[in-house]
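Descriptive structure summary
Here is what each chain is made of, one letter per residue.
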Amino acid sequence: GFKGGKQVIIEPHRHPGVFIARGKEDALVTRNLVPGSEVYGEKRISVENEGEKIEYRVWNPFRSKLAAAIMGGVDAIHMPPGSRVLYLGAASGTTVSHVSDVVGPEGLVYAVEFSHRSGRDLINVAKKRTNIIPIIEDARHPLKYRMLVGMVDTIFADVAQPDQARIVSLNAQHFLKNGGHFVISIKASCIDSTAQPEAVFAAEVKKLQADKLKPQEQLTLEPYERDHAVVVGVFRPPAKKS
């Protein structure tokens, strides 16, 4: 990709499957699983690599909490190429499409979204991306989609519901492998609009711990989102061998 005579260099990010495009301004990018198509009007960057054209899509942290967490320096997102992710609160598929790029053709994204309006967009995204399985159901009732979802390595949740810790816990019990991970986006005002965000995050972490979800990391999403945090952790870690 030559932009105004400037070569764009693609470098791997420390998160496997995520990249940085170095140019006049650095951008977070993912390798486009479906070259030639965009999902939500995002910019695409084409790079020649040993005669092969590879296309990347710009991942805007103001449009995606997962991208914001990566830009904020999150330690691990636990979605390497080939992994299986259960994505709760998939909305129209903006972030889901990037997760689909990250896990790649060998990976799978089970994308759960309750709203039929968003669900229509999500289904359209999944038509071109065969590694996305769209599920238009309420994440509060995992039994309704248990026939569609296998065991997963990671649960990502962006459901913006007051009972989201319970929602994640229910889904973890059904689908998350032992020692699997979770990544949860928490919007403080959604849980308690009267409390300080820090207090809300701390209370959510306590709820997760009570459900065998062991938080390992927490970070706020400033400057991309106000009063949001992402919590990353592990599910029911196996007993330590002495």
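Details of the structure are given in the entry above.
This report concerns the structure included in the present document.

What counts, and where the lines are drawn
- Residues numbered from 1 in each chain as written.
- Predicted model: local features only at pLDDT ≥ 70, side-chain atom pairs only at ≥ 80, totals over all residues.
- Heavy atoms only, no water.
- Helix = DSSP H or I, 4+ residues; strand = E, 2+ residues; numbered from the N terminus.
- Rg over C-alpha atoms; globule rule 2.2 N^0.38 Å.
- Buried < 20%, exposed > 50% of the residue type's maximum accessible area, 1.4 Å probe, protein only.
- Contact = heavy atoms within 4.5 Å.
- Areas by Shrake-Rupley, 256 points an atom, 1.4 Å probe, with all protein chains shown as cover.
- Phe/Tyr/Trp six-rings, centres within 6.5 Å; stacked < 30°, edge-to-face > 60°.
- Salt bridge = Lys/Arg side-chain N within 4 Å of Asp/Glu carboxyl O.
- Pairing = 2+ DSSP bridges.
- Axes fitted to C-alpha atoms, helices over the stretch in contact; angles between N-to-C directions.
- Core = buried A, V, L, I, M, F, W, Y, C linked by side-chain atoms within 4.5 Å.
- Domains from an automatic or database assignment.

Once that is clear, we can look at the overall build of the chain. What the chain contains, in helices and strands, is 6 helices and 14 strands. Here the chain has a C-alpha radius of gyration of 18 Å; the compact-globule value for 242 residues is 18 Å, and the two agree. Seen along its three principal axes, the alpha-carbon backbone of the chain occupies a region of about 55 × 45 × 40 Å. Relative to its 242 residues, the chain shows a buried fraction of 50%. For the chain, the share of sequence-separated contacts (at least 6 apart) that also reach a separation of at least 24 residues comes to 59%. When the accessible area of the chain is evaluated, it comes to approximately 12,100 Å², of which 51% is carbon and sulfur surface.

The final tally for this structure, using the stated rule, is 4 aromatic pairs. Judged by centre distance (5.4 Å) and plane angle (70 degrees), the ring pair of F19 and Y56 falls under edge-to-face. Linking F19 in strand 4 (residues 19–22) with Y56 in strand 7 (residues 52–58), this pair joins segments that are 37 residues apart in sequence. A relative accessible area of 8% means that Y56 is categorised as buried. Considering the side-chain rings of Y87 and F156, the 4.7 Å spacing of their centres and the 40 degrees angle between planes classify their relative orientation as tilted. Residue Y87 is located in strand 8 (residues 84–88), and its partner F156 is located in strand 11 (residues 152–157); the two are separated by 69 residues in the primary sequence. We note that Y87, like F156, is buried.

Here we take up the pattern of salt bridges. Per the counting criterion, the structure on display carries 15 salt bridges. For D163, the salt bridge identified is with R140, shortest N-O distance 2.9 Å. With D163 in the loop between strand 11 and helix 4 (164–175) and R140 in the loop between strand 10 (132–135) and strand 11, this residue pair connects regions lying 23 residues apart in the sequence. For D163, a relative accessible area of 21% puts it in the partly exposed group. When its relative accessible area of 26% is taken as the criterion, R140 is described as partly exposed. The shortest N-O distance in the salt bridge between D153 and K177 comes to 2.8 Å.

In this section: the sheet that holds strand 7. Across a sheet, strands are paired by hydrogen bonds formed along the backbone, either parallel or antiparallel in direction. Sheet architecture is open: 5 strands sit in the order 3-4-5-7-6, paired in antiparallel fashion. With one partner strand each, in any of the chains shown, strand 3 (9–12) and strand 6 (44–49) form the two edges of the open sheet. Mean inter-strand twist for the sheet, computed between neighbouring axes without regard to direction, equals 40 degrees.

Strand order in the open sheet formed by 7 strands is 10-9-8-11-12-14-13, with mixed pairing between adjacent strands. What marks the edges here is a single partner per strand, and that holds for strand 10 and strand 13 (213–220). In this sheet, neighbouring strand axes are inclined to one another by 15 degrees on average, regardless of whether the strands run parallel or antiparallel. In this structure, strand 9 (residues 108–112) lies alongside strand 10, joined through 4 bridges in parallel fashion. What sits directly across from Y110, in strand 10, is I133. Each of strand 8, strand 9 and strand 10 touches helix 2 (residues 94–103); the most contacted strand, strand 9, lies at about 165 degrees to it. The strands that helix 4 touches are strand 8, strand 11, strand 12 (176–187), strand 13 and strand 14 (228–235); relative to strand 12, the one it contacts most, it runs at about 160 degrees.

The biggest cluster of nonpolar side chains holds 32 residues, and the ones touching the most others in it are W59, L66, M79, V96 and V99. Broken down by secondary-structure element, the contributors of at least two residues to this core are helix 1 (65–71), strand 8, helix 2, strand 9, helix 3 (116–128) and strand 14. Looking at this core, you find at least three residues from each of domain 1 (9–58) and domain 2 (65–235). Not counting chain neighbours up to four residues away, the residues in contact with M79 comprise P16, L66, V85, V99, V102, V103, T154 and F156. By size, the runner-up hydrophobic cluster in this structure holds 31 residues, among which are V159, I167, I186 and V205.

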